[in-house]
Amino acid sequence: MSEIPKKMDEVKRKEMQHKEVLRICAKLLIPLIMTFGLYVQFHGDFGPGGGFQAGVIFASAFILYALIFGIDVGMEVLKPGVRRFLLSAGLLLYAGVGVVGMLLGGRYLNYSVLADDPVVGQHLGILLIELGVGITVAAAMITIFYVFANQDGVE
Amino acid sequence: MVVSALALVWFRNLFAVVMLSGSFSLTAAVLYVVMDAVDVAFTEAAVGAGIATVLMLGTLALTTDEEKDEPHISWPHLIIAILTGCTLIYGTLDMPHYADPNAPIHKHVAPEYLERGPKETGIPNVVTSVLASYRGYDTLGEVTVVFTAAAGVLALIGRRRRKRKDTDDLPSRPGDNS
C-alpha cells in the first residue's frame, strides 16, 4: 500500500512510546485485569461470571497491551500460531469433555460420569467446559482485534 | 436509552455513533442489573460496551469515520419498520407483567432447574449450572459461533493481505492491471 499511512503509523507509535503516564498506568492495570479475568473465570460457579465474560476480560488485557505498546509488540507476546492453537484448543476441550463423558458410559455432555460422585463430576465438567469457553472467547477476541489492527502487516 | 438510540440514527459521524452504541450497551447493562440479571449485565458490559466498541473503532481506523451516502428517507422502508415496531409493541401487551410468578416462563422448566440445579451440580450460581450443564449443547453451539467468527475474520482479512503482499513483491507482469 502507499507509504504515507505507514509513516504516520511510525510517528504515532513513537508518540505513543513517549506517553509515560499511559504506559505506566497500563502496566499497572494489565495484571489487575488478568487477575480479575481469572477470578471471573473460576468464580463463575459462585457468583456472576463465567467463560464468556472471563474470556472477554482476559482478551481486553492483551488488547490494552497492544494499544499502548504497539501491535507488533503485542504480536510478539502472543504469536499467531499460539492464538490459533488456543482458539481451537478451547472448543476442542469443550467438545472433548463431552466425548470423555460418552466414553465413560454417559450421554454426550453429561458430566455426572466424570467422577465417582455425580455432583463432583458435574462440578469438574462445568469447570472444564467454562475453561474451554474462556480460552476460545479470549483467543477469538484477541485474534479479531489483532487482525483488524494489523492490516498493514502480515498476519 | 431512547435518546441514544435516536441519536444513533441521526448522527452522520461514525465515531460518535460507535461511542453512542457503547453508551447504549452500558445503559442496557445497568437496566439488566436493575432487573437482577447480573450475569447478562456482566456480559453486556464486557462484550457490548467493551469489546464491540474497540472492534468498531478498529474498523473505523481501517475505513473512514464519515458516512458516505447522503441521508435520505425511503418511505416504504420507514412504513415497514414502523408497522413492525407497532406489531411488536402490540405483542408485548399480551405478555405477563415483569416478575409475575404465574408467567409461563416461570412455570415450565425453570422451577425444576432451580430445585435440581444446586443439588445435582453443587453449584450455587444457577445461571452457570443451567448454562453449562442443562443447556450444554446450546453453549457448545455458542462457542462454535465465536470460533467460527474468529476463523472467518482470519480467512477474510487475515489472508488477503498476505496474498497482496506476496503479489506486491513479484515483478508486475505485463497486462496486469491490479
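Residues numbered from 1 in each chain as written. Chains lettered and ligands numbered in written order. Predicted model: local features only at pLDDT ≥ 70, side-chain atom pairs only at ≥ 80, totals over all residues.

Chemist: Kindly report on the nonpolar core, identifying the contributing residues and their values.
Modeler: Within the largest apolar cluster, 54 residues are counted, with the highest numbers of intra-cluster contacts made by Ala59(A), Ala140(A), Met141(A), Ile142(A) and Phe145(A). When contributions to this core are tallied by element, the ones reaching two or more residues are α3 (51-69), α5 (80-103) and α6 (118-149) of chain A together with α3 (38-62), α7 (126-134) and α8 (136-169) of chain B. With 17 residues, α6(A) is the largest single contributor of residues to this core. Not counting the four nearest positions on each side in its chain, Ile142(A) is found in contact with Ala59(A), Phe62(A), Ile63(A), Leu78(A) and Arg83(A). (Core = buried A, V, L, I, M, F, W, Y, C linked by C-beta atoms within 7 Å. Buried ≥ 20, exposed ≤ 12 C-beta atoms within 10 Å, placed from the backbone. Helix = DSSP H or I, 4+ residues; strand = E, 2+ residues; numbered from the N terminus. Contact = placed C-beta atoms within 7 Å.)

Chemist: Talk me through the interface of chain A and chain B; I want residue IDs and the actual numbers.
Modeler: Between chain A and chain B, the contact holds 42 residues from the first and 41 residues from the second. Counting residues per element, the ones that place at least two in the side of chain A that touches chain B are α3, α5 and α6 of chain A. Among the elements that make up the side of chain A that touches chain B, the one with the highest residue count is α6(A) (19 residues). Its residues assigned to classes, the side of chain A that touches chain B comprises 27 nonpolar, 12 polar and three charged. (Nonpolar A, V, L, I, M, F, W, Y, C, P; charged D, E, K, R; others polar.)

Chemist: An account of the packing of helix α1 (residues 2-10) of chain B against helix α2 (residues 14-34) of chain B is needed here, citing residue identities and associated values.
Modeler: Residues and elements named next belong to chain B. The contact between α1 and α2 brings their axes to 9 Å, and the two run at 160 degrees. Relative to α2, α1 is oriented roughly antiparallel. α2 is crossed by α1, and the crossing has left-handed handedness. Only Val-17, Leu-20, Ser-21, Ser-23, Phe-24 and Thr-27 of α2 make contact with α1, whose side of the interface consists of Ser-4, Ala-5, Ala-7 and Leu-8. Residues that form the contact of α1 with α2 fall into these classes: six nonpolar, four polar and no charged. (Axes fitted to C-alpha atoms, helices over the stretch in contact; angles between N-to-C directions. Parallel < 35°, antiparallel > 145°, perpendicular 65-115°, else oblique. Left-handed = near helix turned anticlockwise from the far one by under 90°.)

Function cannot be inferred from these measures alone, as they are strictly geometric.
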